[in-house]
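Tertiary structure, described
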Amino acid sequence: MTLYSEAGKICNFQEKEFMSAQANNLKHATSPYLLQHAENPVNWEEWSPEVLRRAQKENKPLIISVGYAACHWCHVMAHESFEDEEVAELMNAHFVCIKIDREERPDIDHIYMEAAQMLTGRGGWPLNAFALPDGRPFYAATYFPKENWKKVLSNVAKAYASSYDQLLETAEKVTDGIQMSQELSPVDGENEFSSSSYTDFIMSWQNIVDLENGGFKGAPKFPMSNSWQFLLQYYKRTQDNFGAEAFLKTLDGMALGGIYDQVGGGFSRYAVDDKWFAPHFEKMLYDNALLVNVYANAYSLFPKPEYKQVISETIDFVKRELKHPEAGFYSALDADSEGEEGKYYVWTYRELAEVLSETELDLVQDYYNISRRGNWESSKNILYARQFPQDYAKDQGLDLKILRKELEDLKNKLHRYRQKRIRPALDDKILTSWNALMISGLVEAYKALRKEDYLELAESAIEFLLKTRWVENEKLLRTRNEEKSIVGFLEDYAFMIEALINLYQVTFKMEYLNKARQLTEICFRDFKERSSSMFQYTSKSGEKLISRTYEINDNVIPASNSSLAKSLFLLGKLFDDEAYLQTAKKMLQQVEAKLYKSGPYAANWQILYGWMTFPFYEVAILGKNAKEMALTLQSDYQSNCVFLGGQAEDLKLLTHKLPKDSSKTMIYICENKTCQQPTTDVEVAKKQLGFKPS
């Protein structure tokens, strides 16, 4: 029985009958993204070994379609193709069709995204891969318009029936390529890291940073938050103005641009242009977590009032729109509402004229650059600014205090009006790794702004994760609900460990540090082979895919290995554990050659290199006011420090340092366990740290 006709249509009654016996099996999924496709006429399946076995039994190739709930182009392809009966007929007849939420199963996404990059030179979502029944891919690409998709379906079905050997050869080559890309070459020697090498890293950055608009040259523009954390450290360590200029230009550009929600706070995932003007309107928890973190560090060194406002408004957005009523944070808000990208966020001139007074309309027209004709698509306006209020007030001869009040009032008015609109859909998955990133962001915001409610929010979130995601102290879950749980990947462990270390440093609660160490030991047990310097992305006891994966390159989210390497370094300092320190060093040596040319894709590793190259201080603070003094020191940006202390000698480095006078608090600035003269004066401690006000 042939699987295709010359027109690529289904022409066999038995095939139609068999197809109708199958069903879309996403109705029982827990992922909001998969549920978006539960009513498609395509007979979607969730990924499982059982589905692959069935595909092999039926000798059908796989369509592996990967996306996420907030993805605009995923919606476009769904509406054009996956909701179309004719397209579904082609897919159901010739393929076993698998839908994957990339945020639930990043392990699968990594593999087929690598295939797309190898085969087409580009990646993105929606990701559509064609594979043999055992999962080995022979073709992968991103979005297809409907007619193109139909042609691809017909051609692949025909090739599978008549040219299987060619597809098999391609699949074998692609799979070998994926597997080889994950092979790590042995590291020769024990080269020591040097400050001259650290300064050499900046050469790769100088060629790609956009010093006019901020970010990296070209479009689209992604925040790449971790990149700017490195440049902040680089400036602090070297006083090279390039680092500060690139850093400040980027943070200013994002804060003024349309990528930042000028009305409701929070950031979109990226801007489609090179000036941060037009966002791709989906709002992701991880972006906002990482951007809170970087703006908080920026504010500690460059205390611009606008940075403080961005931090506060972004956290307010997260609390208002992404927080679970009890604890924890949801994943994302959709780019679309009412089937239209950005509809919730953009404005017509007529709408603004109805909502605002004439004076307010004049201000929003001039300050936020709106027009009667619109500054974006279809007579719509995206609010963005070209200047911060103090510069605008100076140029216009206005009173700054009055201007700030007027801007705040009109933003509140617009926000109240906007909340009456139909809201974008919420992806209510609670992912362990992204929640951990948000916790770290809240800790940095607490340090910068000293707002206790930020720390309270962070602690309630970590307690929620520890209670619901850490199963019998044996494994960490990525997601968990009554129907289904997904076992954690390395990023879930790495970002949790990082969050626990960050919380310890502002609370001095030993339970956080002990839990971080427990999770680290699980990483060694479940994710590390003795023969490799790096940790695998998936547990050794987890599902076996066609290739193991090592996540090494930093991207919009830091790599799990770079995050874990930094935490191993800090834990090695805190617990005086040489094995942790040596593991971190070997991991860094594995990627050292990348650091000279990879720029933002090695930013987290470059931060670790800075820690290992320049003096790194253990700041021990013991006594009655230990937490308060630690917060005072940490509210200044410290690029090469770890803090420990409290009112008990819980760690080796704290032994014999608790003051006998219970009313005193002592500060010890130590380097490699050798401490300077202790002091009770924070200002003296700052000098010992080499702190220089900017």
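Up top is the structure these notes are about.
Residues numbered from 1 in each chain as written. Predicted model: local features only at pLDDT ≥ 70, side-chain atom pairs only at ≥ 80, totals over all residues. Heavy atoms only, no water.

**Some details on the sheet that holds strand 8 (residues 283-284)**
To keep things clear, this is the line we draw: Each pair of strands is called paired provided DSSP finds at least two bridges between the two strands. Note on conventions: DSSP H or I runs of at least 4 residues are helices, E runs of at least 2 residues are strands, and numbering of each starts at the N terminus.
Read across the sheet, three strands follow the order 8-9-12 without closing on themselves; strand pairing throughout is antiparallel. Taken across any chain shown, the strands that pair with only one partner, and hence form the sheet edges, are strand 8 and strand 12 (426-427). Taken together, the two bridges between strand 8 and strand 9 (residues 332-333) define a ladder with antiparallel strand orientation. Each bridged residue has a counterpart across the sheet, and for Met284 the counterpart in strand 9 is Ala332.

**Let's talk about the pattern of salt bridges**
We count it as follows: When a carboxyl oxygen of Asp or Glu lies within 4 Å of a side-chain nitrogen of Lys or Arg, that pair is called a salt bridge. The rule is simple: take the accessible area with a 1.4 Å probe, protein chains only, and divide by the maximum for that residue type; under 20% is buried, over 50% is exposed, in between is partly exposed.
On inspection of all chains with the given rule, the structure shows 46 salt bridges. Between Glu86 and Lys150 there is a salt bridge, with its nearest N and O atoms 3.3 Å apart. Linking Glu86 in helix 5 (residues 85-94) with Lys150 in helix 7 (residues 146-162), this pair joins segments that are 64 residues apart in sequence. Glu86 sits in the partly exposed class, given a relative accessible area of 31%. Judged by relative accessible area, which is 13%, Lys150 ranks as buried. Via salt bridges that share partners, Asp101, Glu103, Asp427 and Lys429 belong to a single interconnected network.

**Concerning the packing of aromatic side chains**
So the rule is basically this: A pair of aromatic rings is counted whenever rings of Phe, Tyr or Trp (Trp by its six-membered ring) have centres within 6.5 Å, and the orientation is called stacked for planes under 30 degrees apart, edge-to-face for over 60 and tilted otherwise.
Taken as a whole and judged by the stated rule, the model has 45 aromatic pairs. Ring centres 5.8 Å apart and planes at 70° place the aromatic pair Tyr198 and Phe230 in the edge-to-face group. With Tyr198 in helix 9 (residues 195-200) and Phe230 in helix 11 (residues 225-238), this residue pair connects regions lying 32 residues apart in the sequence. Of the two residues, Tyr198 and Phe230, neither departs from the other in class, the shared state being buried. Relative to Tyr345, the ring of Phe281 has its centre 5.8 Å away and its plane inclined at 10°; by these criteria the two rings are stacked. Within this pair, whereas Phe281 is found in the loop between strand 7 (279-280) and strand 8, its partner Tyr345 is found in the loop between strand 11 (340-341) and helix 15 (349-355), the two being separated by 64 residues in sequence.

**Brief notes about the sheet that holds strand 13 (residues 470-471)**
In spatial order, the strands read 13-14-15; together these three strands make up an open sheet with antiparallel pairing. Across the chains shown, the open sheet's two edge strands, defined by having one partner strand only, are strand 13 and strand 15 (485-487). In this sheet, strand 15 lies alongside strand 14 (residues 475-480) in antiparallel orientation, the contact comprising three bridges. Each residue of the ladder has a partner; that of Leu477, found in strand 15, is Val487.

**Some remarks on the pairing of strand 16 (residues 617-623)**
Counted only if it meets this: A clockwise course of the path from the first strand over the helix to the second, judged with the strands pointing away from the viewer, identifies a crossover as right-handed.
The buried fraction of strand 16 amounts to seven of the seven residues, a majority that puts the element mostly inside the structure. Judged from the six bridges that link them, strand 16 and strand 17 (residues 641-646) form a sheet pairing that is parallel. When the sheet's bridge partners are listed, Leu622 is paired in strand 17 with Gly646. Traced from strand 16 through helix 26 (residues 626-634) to strand 17, the parallel crossover comes out right-handed.

**Thoughts on the nonpolar core**
Applied cut-off: Side-chain atoms within 4.5 Å are what join buried Ala, Val, Leu, Ile, Met, Phe, Trp, Tyr and Cys residues into a set we call a nonpolar core. Contacts: residue pairs with any heavy atoms within 4.5 Å of one another.
By size, the foremost hydrophobic cluster in this structure holds 224 residues, and its most contacted members are Met91, Trp149, Phe230, Tyr295, Trp605 and Val619. Dropping the residues within four chain positions of it, Trp149 is found in contact with Ile63, Met77, Ser81, Phe82, Val87, Met91, Asn128, Phe130 and Phe144.

**Regarding helix 14 (residues 305-321)**
Our working definition: For a helix, the expected span equals 1.5 Å multiplied by the residue count minus one.
For helix 14, built from 17 residues, the straight-helix expectation of 24 Å at 1.5 Å per residue is met to within 8% by its first-to-last C-alpha distance of 24 Å. The set of residues buried in helix 14 consists of Glu306, Tyr307, Val310, Ile311, Ser312, Glu313, Thr314, Ile315, Phe317, Val318 and Glu321.

**So, the pairing of strand 3 (residues 96-101)**
Across the six residues of strand 3, six count as buried, placing the element largely inside the fold. Covered by surrounding structure in strand 3 are Val96, Ile98 and Ile100 together with Cys97, Lys99 and Asp101, the residues of both alternating faces. As paired strands, strand 1 (residues 44-46) and strand 3 are joined by three bridges and run parallel to one another. Across the sheet, Glu45 pairs through a bridge with Ile98, a residue of strand 3. Direction of pairing for strand 2 (residues 62-67) relative to strand 3: parallel, over a ladder of six bridges.

**Notes on the packing of helix 14 against helix 19 (residues 432-449)**
Filter applied, for reference: A fitted line through C-alpha atoms represents every axis, and for helices the fit uses only the stretch in contact; the resulting angles, taken between N-to-C directions, go from 0 to 180 degrees. For classification purposes, angles smaller than 35 degrees are called roughly parallel, those larger than 145 roughly antiparallel, those between 65 and 115 roughly perpendicular, and all remaining angles oblique. Two helices cross in a left-handed way if the nearer one is turned anticlockwise from the farther one by less than a right angle. They cross in a right-handed way if the turn is clockwise. Note that Gly is not counted as nonpolar here; it falls among the polar residues with everything else outside the nonpolar set of Ala, Val, Leu, Ile, Met, Phe, Trp, Tyr, Cys and Pro and the charged set of Asp, Glu, Lys and Arg.
Running from N to C, helix 14 and helix 19 point in directions that differ by 140°, and their axes come no closer than 11 Å. Looking at the two axes, helix 14 sits oblique to helix 19. Crossing of helix 14 over helix 19 shows left-handed handedness. Residues Lys308, Ile311, Ser312, Ile315 and Val318 of helix 14 pack against Met438, Leu442, Ala445 and Leu449 of helix 19. In terms of residue class, the contact of helix 14 with helix 19 is built from seven nonpolar, one polar and one charged.

**Observations concerning the state of the cysteines**
The criterion, for reference: The disulfide criterion is simple: two cysteine sulfur atoms within 2.5 Å.
Under the criterion given, the structure shown has two disulfides. The disulfide partner of Cys71 is Cys74, and the S-S distance across this bridge is 2.4 Å. Every disulfide takes its handedness from the sign of the S-S torsion; for Cys71 and Cys74 that torsion is 80°, giving right-handed. Here Cys670 pairs with Cys675 through a disulfide, and the sulfurs are 2.1 Å apart. Measuring handedness by torsion sign, the sulfur bridge of Cys670 and Cys675 sits at about 90° and is right-handed. Classification of Cys675 as partly exposed rests on a relative accessible area of 29%. With its bonded cysteines labelled in order along the sequence, the protein shows the pairing 1-2, 3-4. Here Cys641 is not disulfide-linked; the sulfur of Cys670 is the nearest cysteine sulfur, at 11 Å.

**Focus: the side chain of Gln606**
Stated formally: Polar contacts, as counted here, are pairs of nitrogen or oxygen atoms within 3.5 Å of one another; within protein the pair requires one atom able to donate a hydrogen and one able to accept it, and residues that are adjacent in sequence qualify only if both atoms are side-chain atoms.
Note on placement: Gln606 falls in helix 25 (residues 603-613). Within the structure, the side chain of Gln606 is placed 3.2 Å from the side chain of Trp205, a separation counted as a polar contact.

**Describing helix 11**
Taking 1.5 Å as the rise per residue, helix 11 with 14 residues should run 20 Å; its terminal C-alpha atoms sit 20 Å apart, in good agreement. Summarising burial for helix 11: twelve of the 14 residues are buried, a large majority. Looking at helix 11, one finds that the buried residues are Ser225, Asn226, Ser227, Trp228, Gln229, Phe230, Leu231, Leu232, Gln233, Tyr234, Tyr235 and Lys236. In this structure, the buried side of helix 11 is in contact with helix 9, helix 10 (202-206), helix 12 (241-256), helix 13 (285-301) and helix 25. Phi turns positive, to about 60°, at Gln239, one or two residues after helix 11.

**Examining unusual backbone geometry**
Each neighbour pair has its own omega, and for Trp125 with Pro126 the value is 5°, a cis peptide bond. Position of Pro126 among the secondary structure elements: in the loop between helix 6 (106-120) and strand 4 (127-131). Geometrically, the link from Ala219 to Pro220 is a cis peptide bond, its omega value of 0° lying close to zero. Relative to the helices and strands, Pro220 resides in the loop between helix 10 and helix 11. Although it is not a glycine, Ser379 sits at a positive phi angle of roughly 65°. Tracing the chain through its elements places Ser379 in the loop between helix 16 (358-367) and helix 17 (389-396). The exposure class of Ser379 is partly exposed, given its relative accessible area of 42%. A positive phi angle, close to 60°, is found at Phe508, a residue other than glycine.

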